[in-house]
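Chains, contacts and geometry: an overview
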Amino acid sequence: MLHSALALCLLLVAVSSNLAIAIKKEKRPPQTLSRGWGDDITWVQTYEEGLFYAQKSKKPLMVIHHLEDCQYSQALKQVFSQNEEIQEMAQNKFIMLNLMHETTDKNLSPDGQYVPRIMFVDPSLTVRADIAGRYSNRLYTYEPQDLPLLIENMKKALRLIQSEL
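Since we're looking at a predicted model, the values are computed, not measured.

This next bit is on the packing of aromatic side chains. Inspection of the entire model under this criterion finds 3 aromatic pairs. Centre to centre, the rings of Trp37 and Phe80 are 5.2 Å apart; their planes meet at 75 degrees, and the pair counts as edge-to-face. Pair noted here: Trp37 is in the loop between helix H1 (2-26) and helix H2 (47-57) and Phe80 is in helix H3 (residues 71-82), with a separation of 43 residues, a long-range link. Ring geometry for Phe52 against Tyr53: centres 5.1 Å apart, planes inclined by 75 degrees, an arrangement best described as edge-to-face. We note Arg117 situated over the ring of Tyr114; from NZ or CZ to the ring centre the distance is 5.6 Å. Here the basic side chain of Arg138 rests over the ring of Tyr135, its NZ or CZ set 5.0 Å away from the ring centre.

This next bit is on the nonpolar core. Counting residues in each nonpolar core, the largest one holds 22 residues, and the members touching the most others are Met62, Phe80, Phe94, Met96, Phe120, Leu150 and Met154. Contributing elements (two or more residues each) for this core: strand E1 (61-65), H3, helix H4 (84-93), strand E3 (117-121) and helix H5 (147-164). Not counting residues within four places of it along the chain, the set of residues in contact with Phe120 comprises Leu61, Met62, Phe94, Thr126, Val127, Arg128, Ile131, Tyr142, Leu150, Asn153, Met154 and Ala157. Core analysis: the next-biggest nonpolar cluster, separate from the first, contains 15 residues, Val44, Ala54, Met119 and Val121 among them.

In the segment running from Val115 into Pro116, the intervening peptide bond is cis, with an omega of -10 degrees. Topologically, Pro116 is positioned in the loop between strand E2 (95-99) and E3. At Lys58, a residue that is not glycine, the phi angle is positive and equals roughly 65 degrees. You can see Lys58 is positioned in the loop between H2 and E1. The partly exposed category is assigned to Lys58, whose relative accessible area is 47%.

Okay, the side chain of Asn153 next. With respect to the helices and strands, Asn153 occurs in helix H5. On the basis of relative accessibility, which here comes to 5%, the residue Asn153 falls in the buried class. Within the local environment of Asn153, its side chain forms a polar contact with the backbone oxygen of Ala132, the two atoms lying 2.8 Å apart. The contact partners of Asn153, leaving out residues within four places of it in the chain, are Phe120, Ile131, Ala132, Gly133 and Tyr142.

Once that is clear, we can look at the pairing of E2. Within E2, 5 of the 5 residues are buried, leaving the element largely enclosed by the surrounding structure. Residue alternation in E2 divides its side chains into two sets, Ile95, Leu97 and Leu99 and Met96 and Asn98, and both sets are buried. Taken together, the 5 bridges between E1 and E2 define a ladder with parallel strand orientation. Each bridged residue has a counterpart across the sheet, and for Ile64 the counterpart in E2 is Asn98.

Moving on: the sheet that holds E3. Pairing in this open sheet of 3 strands is mixed, and the strands run E2-E1-E3 from one edge to the other. Either end of the sheet is taken by a strand with one partner, and the two such strands are E2 and E3. Each neighbouring strand pair of the sheet contributes to a mean axis angle of 15 degrees, computed without reference to strand direction.

Cut-off values and rules
- Residues numbered from 1 in each chain as written.
- Predicted model: local features only at pLDDT ≥ 70, side-chain atom pairs only at ≥ 80, totals over all residues.
- Heavy atoms only, no water.
- Phe/Tyr/Trp six-rings, centres within 6.5 Å; stacked < 30°, edge-to-face > 60°.
- Helix = DSSP H or I, 4+ residues; strand = E, 2+ residues; numbered from the N terminus.
- Lys NZ or Arg CZ within 6 Å of the ring centre and 35° of its normal.
- Core = buried A, V, L, I, M, F, W, Y, C linked by side-chain atoms within 4.5 Å.
- Buried < 20%, exposed > 50% of the residue type's maximum accessible area, 1.4 Å probe, protein only.
- Contact = heavy atoms within 4.5 Å.
- Polar contact = N/O pair within 3.5 Å; in protein donor to acceptor, adjacent residues only side chain to side chain.
- Pairing = 2+ DSSP bridges.
- Axes fitted to C-alpha atoms, helices over the stretch in contact; angles between N-to-C directions.

Given below as structure tokens:
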């Protein structure tokens, strides 16, 4: 009897420790709006909020469309979040939004819905379809090696706004 009670106790300890490990693995830290694109950047939550703040602050809105399970989005996110110049401009000169779903504004997908895709919207709420990446079949996509072009396009968005003010 004592032997079977001891065996039962050991079984319960083993099961409860495995359950505790399983529960611990499922708990994740709260997801911030940055989603890994830059924790020091102030991110807006919705496209509509981004448009409001762009118009109010006279700063361009930068919209990053991405997916968590997309290897291309992940690769771009890694270099984007580690580039000091991009992080500084995003922090100080842009209203920033990253989306893991499509918006209802079809102007943000003029050549299709693919990821990663980065679009700029000026304070007059005009989507700047003229600020594009280097690919003719996916005009607004950027790959890690395209970071210099993305930086130049961010500067172009700022120059266009300055010339219109």
